[in-house]
Amino acid sequence: MRVLAIESSCDETAAAVVVDGRTVESSVVASQVALHARYGGVVPEVASRQHLRNFAPVVRQALAQAGCSLDAIDAVAGTRGPGLAGSLLVGYNGAKAIAYGRGLPFLGTHHLEGHVYANWLVEGPEPRFPALCLVVSGGHSDLVLMRGHGRYERIGGTRDDAAGEAFDKVGRLLGLPFPGGPHVARLAGEGGPSTLALPRPWMHGTFDFSFSGLKTAVLHTVQRGAYPAAAVAWEFQEAIVDVLAGKTSRLARELGAVEVLVAGGVAANRRLREELQRRCPVPVRIPPPSYCTDNAAMIGAAAGYRLALGQQSPLGEDIFSTNDWQRV
Ligand code: KG4
Ligand code: ZN
């Protein structure tokens, strides 16, 4: 089954052609980072209007790169939330329109399920179940047990700032460009251990996360001005990676997961990748960085497996209609 997938949940307009949930024939991402940089964050209305401009060219490019036309497409997938409503509406409705116009099945795909399925785009044997998924993006830090395709139990999540949000806010405190995550990581690479000891918010007794106190500790450190920015970035990254890798490895052990699947933009972080590999008791899978940040290939992968289960979505489905990622 050849799926045309579309993603527009935040500030990336993306389209991809994916076969059987595993083989990427094309993956095109039009980033709006430069457009939002001067505002220090994504401006929702600017993002949705840019999606409108990008939508058709990006879809055309994805088809051209895959060397096919819409005649060769078997189903169309569009990203459902979480995400920015105005942004989601553009890609989601565009995907529905193509499906309707061509009489093809439509699959609304939960954005975080898409992130998890980036792990199916990696060559080699497929992930095995039960798998523990750590989804760390700009808006989410979730620990989810995946018992099979489309079967999730959300065990923990962020109570305030998501991991990516914490990276971005710390980036702003350190005067770095938006989005801060990759810049903080780069600056941390120039730093090293010092006498600075930032708190590790362990939240004992739960697998939830809370990073807002850590962010405030960074704010106070920056205000005191006692440490160079690279030392602050280094210690902040160590603290957040310590908590993410520590909780994930402990939960994998407790639940008897046979694999750990990492997903979302923060999974591109090299230190997080290293620490998860080092500490987890079972094999850890992490997609290549280009499939960690928002892209449509991951949406095509998730949709491919839903199709194989015989599922499709009604064209009347809402951008936030979901029960498939709830805490149980
Ligand atoms: O998954 P994603 O592309 O978009 C959302 O669904 O939110 O994640 C974006 C987030 C941003 O907060 C960005 O700063 C963060 O991922 N990020 C990183 C790195 N690359 C992207 N955070 C830390 N280290 C990185 N190398
Ligand atoms: Zn995302």
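Analysis parameters
- Residues numbered from 1 in each chain as written.
- Chains lettered and ligands numbered in written order.
- Predicted model: local features only at pLDDT ≥ 70, side-chain atom pairs only at ≥ 80, totals over all residues.
- Heavy atoms only, no water.
- Phe/Tyr/Trp six-rings, centres within 6.5 Å; stacked < 30°, edge-to-face > 60°.
- Helix = DSSP H or I, 4+ residues; strand = E, 2+ residues; numbered from the N terminus.
- Buried < 20%, exposed > 50% of the residue type's maximum accessible area, 1.4 Å probe, protein only.
- Lys NZ or Arg CZ within 6 Å of the ring centre and 35° of its normal.
- Donors = N, O, S within 2.8 Å, 3.2 Å for Na, K, Ca; no water.
- Pairing = 2+ DSSP bridges.
- Contact = heavy atoms within 4.5 Å.
- Axes fitted to C-alpha atoms, helices over the stretch in contact; angles between N-to-C directions.

A. Spatial organisation of the packing of aromatic side chains. Summed over the entire model, instances satisfying the criterion amount to seven aromatic pairs. When the ring of Phe-167 is compared with that of Phe-236, the centres are 5.1 Å apart and the planes differ by 80°; the resulting orientation is edge-to-face. Of this pair, Phe-167 sits in helix 5 (residues 163-173) while Phe-236 sits in helix 8 (residues 229-255), placing them 69 residues apart in sequence. Overall, the relative accessible area of 3% leaves Phe-167 in the buried class. Of the residues examined, Phe-236 reaches a relative accessible area of 0% and is grouped as buried. Members of the aromatic cluster, connected to one another through ring pairs, are Tyr-117, Trp-120, Phe-129 and Tyr-305. One residue, Lys-247, lies across the ring of Phe-209, its end atom 5.7 Å from the ring centre.

B. Looking closely at the coordination of the zinc ion (ligand 2). Taken together, His-111 (NE2), His-115 (NE2) and Asp-294 (OD) make up the full set of protein donors to the zinc ion (ligand 2), lying 2.0 to 2.1 Å away. Donor residues binding the zinc ion (ligand 2) come from one chain and are separated in sequence as H-x3-H-x178-D. In this pair, His-111 is assigned in helix 4 (residues 111-117) and Asp-294 in the loop between helix 10 (289-292) and helix 11 (297-308), connecting sequence segments 183 residues apart. For Asp-294, a relative accessible area of 14% corresponds to the buried category.

C. Structural view of the sheet that holds strand 9 (residues 259-263). Spatially, five strands are ordered 8-7-6-9-10 in an open sheet, and the strand pairing comes out mixed. Looking along the sheet, the strands with just one partner apiece sit at the ends: strand 8 (151-156) and strand 10 (284-285). Examined bridge by bridge, strand 9 and strand 10 share two bridges and lie parallel to one another. Across the sheet, the residue bridging to Val-260 is Val-284, located in strand 10. Set on the sheet, helix 8 makes contact with strand 6 (131-136), strand 7 (141-148), strand 8 and strand 9; between it and strand 6 the angle comes to about 160°.

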